[in-house]
Amino acid sequence: MELLEIKNLVVQYSVGRDVVQAVNGISLTVKEGATIGLVGETGAGKTTTALSVMGLVPNPPGKVKSGEILLDGEDLLKKSNKEMRKIRGKDIAMIFQDPMTSLNPVMTVGEQIMEVIQLHEKISRQDAQKKACEMLELVGIPGQRYGEYPHQFSGGMKQRVIIAIALACNPRLLIADEPTTALDVTIQAQVLDMMRRLKETYKTAMILITHDLGVVAEVCDQVAIMYAGEIVEKGTLEDIYESPRHPYTIGLFQSIPDLDVESERLNIIPGMMPDPAALPEGCNFCERCQHATEQCKKQPPVVRLSDTHEVQCFLAQDEKGGE
Amino acid sequence: MLHGGNPVQHKLYMEIEEGKQVLRYIAKRILMMLPILFGITVIVFTLMYITPGDPAYAILGENATPEQVMEIHKEYGLDDPYLIRLGRYFAGVLQGDFGTSYKTGRPVFTEIMDRYPNTLKLALLSTLLGVVIGVAAGIIAAVKQYSIFDRVGTIISLFGVSAPSFWVAMVLVLLFSVKLKILPATGTYGPQYWILPVFTLGLQASTSIMRMTRSSMLEVIRQDYIRTSRAKGQSEWKTIMHHAFKNAQVPIVTIIGIRICGFLAGAVLVETVFAIPGLGKYIIDSVNFKDYPVVQGGVLWIGLNCIVINLLVDIVYCFIDPRIKSMYSNKKKAAAVGTGGASNG
């Protein structure tokens with residue numbers, strides 16, 4: 001059963017006279033209870049995609065130009081602000097990247113959890129308070145620390161509080177925007193483990209935004225690789241990790257250092273991501289691609305390699321045609 | 001732990017503990033007031049001492065005979081060396097005696113207290129008006145940045161900061177007293193007499209408060225926790241008021257404190273235009289008359305007021321921002337709480 005369907009989403013930011021094409025016609029489906037990893041470099045449009053789903057693209061300068069975002073078949077882009085407020089925090093919750101700045105420093109953590117509960121559930125103050133304590137316990141923080149302020153918590157604990165806020169109303173879709181990037185590695189593992197456990201317990205679907213392929217391998221069932229505002233390849237975890245087809249995906253995997261091979265330098269993808277205010281014609285990756293040919297100056301086709309595996313590249317089309 | 005698992009009890013316990021620390025901090029601050037007041041007294045006394053001119057002539061008039069002048073000098077101890085006079089003044093102040101006015105012969109403290117209520121009333125009412133207008137306008141300007149309201153508000157506030165208060169006062173008198181004849185121009189005989197002076201100073205205060213509110217709000221509105229609040233499904237109004245405004249208050253409270261201090265000492269021009277018998281005007285008159293004890297006493301009194309206001313501002317910070325509160329508390333204690341927290345996690 002499809003929970004969320006993004007169809008041909010286009011989001012642009014106008015900065016002065018430039019138009020930054022942050023998201024260029026992406027399509028994505030999230031099934032109920034599934035976890036999909038959205039992978040890409042900084043500036044690939046991952047966060048903008050997430051904010052579009054939340055209806056929180058900062059406007060101005062950002063604007064959703066076209067496309068549909070369907071939750072249970074209802075287009076979120078057509079909903080009023082008031083209707084979206086009922087969905088945010090209740091049906092779709094989001095965990096932000098930086099736990100240090102995502103909590104209000106002058107409110108106790110308990111109040112911040114309670115706030116979302118009171119917004120979406122008609123229960124008394126005492127009950128909301130009790131539930132907030134339970135949420136704290138659920139993420140491994142003693143309930144008696146309810147009345148403490150964010151500055152009294154460590155980074156990892158703050159991120160757990162944020163997770164508690166996100167899960168407080170038992171959302172059906174959780175968007176986690178680089179939830180572990182700001183944490184050190186040992187805490188990362190704890191937080192990821194906890195997220196996976198809670199997700200399984202509550203059957204929450206999740207979009208995990210990250211640039212860490214290791215995290216994706218650990219948590220996700222499906223993967224979508226984003227580059228310059230487009231999804232260049234998507235498929236199941238096996239599709240992407242065992243048989244990546246897009247040159248960019250292959251480059252990403254090659255750039256992970258291999259412990260068994262001694263090498264002086266890391267394998268990198270040469271060049272930089274194109275300026276999103278001046279994208280090249282045709283394939284966005286073609287300037288950095290070793291396999292680029294003349295035809296790459298045209299818009300590459302989306303090739304279905306299997307029921308689950310799709311890639312946007314001429315190369316795949318040629319190979320498929322040749323088979 | 002001594003306190004049970006009940007979060008409300010725990011919170012109460014934490015607050016009592018922290019409250020004790022903050023009280024200790026306040027006591028320390030009150031002790032620190034003494035050297036400051038000492039400094040103010042020495043500086044003002046010295047300034048008056050080195051000012052040329054003889055108060056005896058001010059008391060007796062230009063045509064005083066040398067004998068009369070000598071008599072006055074003897075009576076007031078004006079011929080004694082600097083340190084002896086300073087010591088005598090301190091001895092008096094410590095006993096609550098600020099000396100007597102050369103001009104009226106009444107105790108300085110009584111003279112000050114006759115005028116202080118007027119000054120305090122004017123300062124507090126004007127600041128209150130300034131806060132109401134300034135904070136509201138500042139929030140709207142920040143939320144609707146670059147809108148017509150923001151642009152017009154910024155221009156008006158620039159005008160308000162630059163326009164001299166005596167000029168604004170006279171324009172208001174011309175308009176409401178002379179032309180429209182709906183408000184009295186001078187005196188302090190009833191509530192209606194306060195409207196124009198309070199408006200003059202209040203508008204002036206509102207401009208600086210608005211600018212501070214606007215810039216502070218703009219900074220806060222861009223913070224991640226504002227986005228968190230929206231992601232919870234919170235309404236825009238509550239996001240602005242509960243999350244943004246509370247975080248923006250520290251600089252606003254600071255400027256409000258500065259404003260009150262400024263109005264206590266510096267409302268001279270407005271007091272003059274509206275003929276309000278206030279402290280500022282009294283001190284200026286006394287400087288001209290060389291009524292040294294009044295100048296010293298008046299400045300010392302205003303200094304004390306400003307120190308108390310600054311202390312109040314610092315205490316208000318505690319209620320706004322818990323981080324400042326824990327900074328005030330014992331550092332060792334804060335560290336212990338920190339490690340306790342980490343071991344829990």
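Here, the structure is the one placed above.
Report on the accompanying structure. (Residues numbered from 1 in each chain as written. Chains lettered and ligands numbered in written order. Predicted model: local features only at pLDDT ≥ 70, side-chain atom pairs only at ≥ 80, totals over all residues. Heavy atoms only, no water.)

### Observations concerning the overall build of chain B
Now for step 1: On a plain count of helices and strands, chain B comes out with 15 helices and zero strands.
Now for step 2: Relative to the compact-globule value of 20 Å for 345 residues, chain B shows a C-alpha radius of gyration of 26 Å, a clear excess of over 25%.
Now for step 3: A principal-axis box enclosing the C-alpha atoms of chain B has dimensions of 85 × 60 × 30 Å.
Now for step 4: Here chain B holds 345 residues, and 46% of them are scored as buried.
Now for step 5: In chain B, 73% of the contacts between residues at least 6 apart in sequence involve partners at least 24 apart.
Now for step 6: Total accessible area on chain B stands at roughly 18200 Å², and carbon and sulfur atoms take up 68% of it. (Helix = DSSP H or I, 4+ residues; strand = E, 2+ residues; numbered from the N terminus. Rg over C-alpha atoms; globule rule 2.2 N^0.38 Å. Buried < 20%, exposed > 50% of the residue type's maximum accessible area, 1.4 Å probe, protein only. Contact = heavy atoms within 4.5 Å. Areas by Shrake-Rupley, 256 points an atom, 1.4 Å probe, with all protein chains shown as cover.)

### Things to note about the interface of chain B and chain A
Now for step 1: Contact with chain B, which involves 33 residues of that partner, is made by 37 residues of chain A.
Now for step 2: Viewed at the interface, chain A and chain B are joined by one salt bridge.
Now for step 3: Between Lys232(B) and Glu115(A) there is a salt bridge; the shortest N-O distance is 2.7 Å.
Now for step 4: Across the chain B-chain A interface, the total number found is twelve residue pairs in polar contact (both at pLDDT 80 or more).
Now for step 5: Of all the secondary-structure elements, those providing two or more residues to the side of chain B that touches chain A are helix H1 (7–50), helix H9 (224–231), helix H10 (236–266), helix H14 (322–328) and helix H15 (331–344) of chain B.
Now for step 6: Broken down by element, the residue count for the side of chain B that touches chain A peaks at seven residues, all from H9(B).
Now for step 7: Of the residues in the side of chain B that touches chain A, the class split is nine nonpolar, 15 polar and nine charged. (Salt bridge = Lys/Arg side-chain N within 4 Å of Asp/Glu carboxyl O. Polar contact = N/O pair within 3.5 Å; in protein donor to acceptor, adjacent residues only side chain to side chain. Nonpolar A, V, L, I, M, F, W, Y, C, P; charged D, E, K, R; others polar.)

### Let's talk about the packing of helix H5 (residues 108–143) of chain B against helix H12 (residues 279–289) of chain B
All names here are of chain B.
Now for step 1: Where H5 contacts H12, the two axes come as close as 8 Å, and the packing angle between them is 140°. In terms of their interaxial angle, H5 and H12 are classed as oblique. Across from Glu111, Ile112, Arg115, Tyr116 and Thr119 in H5, the residues of H12 making contact are Leu279, Gly280 and Tyr282.
Now for step 2: Looking at the contact of H5 with H12 residue by residue, the classes come out as four nonpolar, two polar and two charged. (Axes fitted to C-alpha atoms, helices over the stretch in contact; angles between N-to-C directions. Parallel < 35°, antiparallel > 145°, perpendicular 65-115°, else oblique.)

### Digging into helix H3 (residues 66–76) of chain B
All names here are of chain B.
Now for step 1: Taken together, the buried positions of H3 are occupied by Val69, Ile72 and His73. Considered in projection along H3, the buried side chains sweep an arc of 100° and stay on one side of the axis. Along H3, the residues that are exposed and aim more than 90 degrees away from the buried face are Glu67, Met70, Glu71, Lys74 and Glu75.
Now for step 2: Of the surrounding elements, those touching the buried residues of H3 are helix H2 (55–60).
Now for step 3: Remark: Gly77 follows H3 within two positions and exhibits a positive phi of approximately 65°. (Arc of directions from axis to C-beta.)

### Concerning the pairing of strand E7 (residues 173–177) of chain A
All names here are of chain A.
Now for step 1: The element E7 is largely enclosed, with a buried count of five among its five residues.
Now for step 2: With burial as the criterion, each face of E7 is covered, one bearing Leu173, Ile175 and Asp177 and the other bearing Leu174 and Ala176.
Now for step 3: Here four bridges tie strand E6 (residues 92–95) to E7, and the two strands are oriented parallel to one another. Within the sheet, the bridge partner assigned to Met94 lies in E7 and is Ile175.
Now for step 4: Alignment of E7 against strand E8 (residues 205–210), held across five bridges, turns out to be parallel. Its bridge partner lying in E8, Ala176 is registered against Leu208. (Pairing = 2+ DSSP bridges.)

Function cannot be read off these values alone, since they describe shape.
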